[in-house]
Amino acid sequence: MRVYVPLTLSGLAAAHGAGEVGPGPLTAYAVTPGLREWYVSDDIEELEYAALNRAAAASLRMIAGNPDEVRRRVVVAVDVPDASAVADPDNGLSAASLGEVRIAAALPLAKAAAVHVDADDAEKDVAAAAAALGAADLGDDDAQFTVDGAEDHELLWFGVQEIPQLIR
């Protein structure tokens, strides 16, 4: 199963230094039964893209919680044994936790399939989205529009060997 672990650039730097994403338990996103039911698609690529976007939204929340963090979303894609990614059946259809899984242990960075990161030109929109996130959560439509502006940026794909250039 491919899981998408939300991080920040400083979190990616720490993972690179430690050689693993962790420590566990980790929250990640994957194609869960709840995500399949919500997305109503059998196309695995579409479903994985939806899980990646859920992880990008979680990365935005991490950024919003740290004013010193670089305003670029980061998601690490890692293939894990199916039994390693556990979805909470009680939250399976909760909109807030769609696709969410728990990973008990740290994940070796060498096992990562890819790293997804915002381009430099997304920083302004990600910064605005991070600032507006609280108001959007409270139902402010203008703030939600700002958050959606960050989501309009596609995360770029990088190989694990490119992490040193990303964290400079």
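Here the structure is shown first, and the text comes after it.
Residues numbered from 1 in each chain as written. Predicted model: local features only at pLDDT ≥ 70, side-chain atom pairs only at ≥ 80, totals over all residues. Heavy atoms only, no water.

With the rule as written, the count across this model stands at five salt bridges. Where Arg72 meets Asp120, a salt bridge forms, and the shortest distance between an N and an O atom there is 3.1 Å. Here Arg72, found in the loop between α3 (44–64) and β4 (74–79), pairs with Asp120, found in the loop between β8 (112–117) and α4 (123–137); they are 48 residues apart in sequence, far enough to count as distant. The partner of Glu100 in a salt bridge is Arg102, with the nearest N and O atoms 3.1 Å apart. (Salt bridge = Lys/Arg side-chain N within 4 Å of Asp/Glu carboxyl O. Helix = DSSP H or I, 4+ residues; strand = E, 2+ residues; numbered from the N terminus.)

Next up on the list: the pairing of β8. The element β8 is extensively covered by neighbouring structure, given that five of its six residues are classed as buried. Pairing of β8 with strand β9 (residues 156–158), which is carried by three bridges, proceeds in the antiparallel orientation. Within β9, the position partnered with Val117 by the bridge is Leu156. (Buried < 20%, exposed > 50% of the residue type's maximum accessible area, 1.4 Å probe, protein only. Pairing = 2+ DSSP bridges.)

The next subject is α3. It helps to recall that an α-helix has 3.6 residues per turn; residues three or four apart then point in one direction. A rise of 1.5 Å per residue sets the reference length of α3, with its 21 residues, at 30 Å; its end C-alpha atoms lie 30 Å apart and thus fit the reference within 8%. Burial in α3 covers these residues: Leu47, Ala50, Ala51, Leu52, Ala55, Ala56, Ala58, Ser59, Leu60 and Ile63. (Expected span 1.5 Å × (residues − 1).)

Another aspect to go through is the packing of α3 against α4. Packing of α3 against α4 brings their axes to within 9 Å, and their N-to-C directions diverge by 95°. Looking at the two axes, α3 sits roughly perpendicular to α4. In this structure, α3 contributes Leu60, Arg61, Ile63 and Ala64 to the contact, and α4 contributes Val126, Ala129, Ala130, Leu133 and Asp137. Broken down by class, the residue content of the contact of α3 with α4 amounts to seven nonpolar, no polar and two charged. (Axes fitted to C-alpha atoms, helices over the stretch in contact; angles between N-to-C directions. Parallel < 35°, antiparallel > 145°, perpendicular 65-115°, else oblique. Contact = heavy atoms within 4.5 Å. Nonpolar A, V, L, I, M, F, W, Y, C, P; charged D, E, K, R; others polar.)

The next thing to look at is helix α1 (residues 9–18). Within α1 the residues assigned to the buried category are Leu9, Leu12 and Ala15. For α1, the angular spread of the buried residues around the axis is 115°, confining them to a single face. Pointing more than 90 degrees away from the buried face of α1 are the exposed residues Gly17 and Ala18. Of the surrounding elements, those touching the buried residues of α1 are β1 (2–7), β2 (20–21), β4, β8 and α6 (163–166). (Arc of directions from axis to C-beta.)

Turning our attention to the packing of α4 against helix α5 (residues 141–151). Angle between the axes and distance between the axes are the two parameters that describe a pair of packed helices. With their axes 7 Å apart at the nearest point, α4 and α5 run at an angle of 145° to one another. Remark: the crossing between α4 and α5 carries left-handed chirality. Facing α4, whose interface residues are Asp125, Val126, Ala128, Ala129, Ala132, Leu133, Ala135 and Ala136, α5 presents Ala143, Gln144, Thr146, Val147, Gly149 and Ala150. (Left-handed = near helix turned anticlockwise from the far one by under 90°.)

Turning next to the side chain of Asp118. With respect to the helices and strands, Asp118 occurs in the loop between β8 and α4. Its relative accessible area of 0% is what places Asp118 among the buried residues. At 2.7 Å, the side chain of Asp118 and the side chain of Arg73 are in polar contact. (Polar contact = N/O pair within 3.5 Å; in protein donor to acceptor, adjacent residues only side chain to side chain.)

In this structure, Val3, Leu12, Val21, Val76, Ile103, Leu107 and Val115 are the most contacted members of the largest nonpolar core, which totals 25 residues. Mapped onto this core, the elements with two or more residues apiece are β1, α1, β3 (26–29), β4, β6 (100–103), β8 and α6. Sequence-distant contacts of Val21, that is, excluding residues within four places in its chain, are made with Val5, Leu7, Ala15, Leu26, Ala106, Leu107 and Leu109. In this structure, Tyr4, Leu52, Ala58 and Ala77 belong to the second largest nonpolar core, which totals 15 residues. (Core = buried A, V, L, I, M, F, W, Y, C linked by side-chain atoms within 4.5 Å.)

Fair warning: the whole summary comes from geometry, so function is off the table for now.
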